[in-house]
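Here's the letter readout for the chains.
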Amino acid sequence: THALAALSRAAAGEGRPLDGVELALAAWPRREGLFETPMLGDAIQNLSLAFSEHPPISVMDHEGAVLGAVYSPGGKRILSWSTDETLRLWDAATGKETLTLAGHEAVVTAVLWSSDGKRIASGGADRTLRIWNAETGKLIRTLNGHLDTVWSVTWPKEACLVSASGDGTVKT
């Protein structure tokens, strides 16, 4: 078990996350009293490391509960959203905040990067869909029309956004 754990750490550290996951799972303790074994902590840490293609970075804070986070296309930035009514962009390598996107008047509930990573769409409990410039943080456009929280947004084509709301509608 300890040898498999060491191999898992090595594979993940060498940029082979799938091998790291497989080895971490193979190293997982399999006996009664599982949660009392000191090996469980190592196995969980190895599994976490194996799933991550990026080294641990500093804590990224919002002023409210963070509802989600996604990597940008290409993986150089992280976008998070929160009950504090903001979206925040972070440098994935350093964990430093690069932009705050403020404009929603209620909780942000849905986000999506454009396929080229140049724009971000966000929806919220303020019943709006907003499009942002991902490089400058400037608001490009606010779309109104939903009567309830926007729960989902997708960008099937560059010229078309689709949003779904608690009001029972899907809009394009």
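See the structure above.
## Focus: the overall build of the protein chain
Counting its regular elements, the protein chain contains 3 helices and 11 strands. A burial count over the protein chain gives 40% of its 172 residues as buried. Long-range pairs, those at least 24 residues apart, make up 32% of the contacts in the protein chain between residues at least 6 apart in sequence.

## Let's talk about the nonpolar core
Grouped together as the largest cluster of nonpolar side chains are 12 residues: Leu79, Trp81, Leu87, Leu89, Leu99, Leu101, Val108, Val111, Trp113, Ile120, Trp132 and Ala134. Sorting the residues of this core by element identifies strand 2 (77-82), strand 3 (86-91), strand 4 (97-102) and strand 5 (108-113) as the ones contributing at least two each. For this core, the element with the most residues is strand 5, which contributes 3 residues.

## A short note on the layout of surface pockets
Each pocket or cavity is described by its volume, and for the largest pocket that value is around 240 Å³. Of all elements in the fold, only strand 7 (129-133) and strand 10 (160-165) reach the threshold of two or more residues within the lining of the largest pocket. The biggest single contributor to the lining of the largest pocket is strand 10, with 3 residues. Class assignment of the residues belonging to the lining of the largest pocket gives a composition of 7 nonpolar, 5 polar and 3 charged.

## A word on the sheet that holds strand 5
If you trace the 4 strands from one edge of the open sheet to the other, you get 5-6-7-8, paired in antiparallel fashion. Only two strands of the sheet have a single neighbouring strand rather than two, namely strand 5 and strand 8 (139-143). Going across the sheet, the axis of each strand differs from the next one's by a mean of 20 degrees, ignoring polarity. Relative to strand 6 (residues 119-124), strand 5 is paired through 5 bridges, and the arrangement is antiparallel. If you follow leucine 112 over to strand 6, its bridge partner there is alanine 121.

So, how was this worked out
- Residues numbered from 1 in each chain as written.
- Predicted model: local features only at pLDDT ≥ 70, side-chain atom pairs only at ≥ 80, totals over all residues.
- Heavy atoms only, no water.
- Helix = DSSP H or I, 4+ residues; strand = E, 2+ residues; numbered from the N terminus.
- Buried < 20%, exposed > 50% of the residue type's maximum accessible area, 1.4 Å probe, protein only.
- Contact = heavy atoms within 4.5 Å.
- Core = buried A, V, L, I, M, F, W, Y, C linked by side-chain atoms within 4.5 Å.
- 1 Å grid on protein atoms, 1.4 Å probe; cavity = no way out; pocket = protein on both sides within 12 Å on 5 of 7 lines; lining within 4 Å.
- Points joined across faces, edges and corners; volume = space filled by probe spheres on them.
- Nonpolar A, V, L, I, M, F, W, Y, C, P; charged D, E, K, R; others polar.
- Pairing = 2+ DSSP bridges.
- Axes fitted to C-alpha atoms, helices over the stretch in contact; angles between N-to-C directions.

Nothing here speaks to function; it is geometry throughout.
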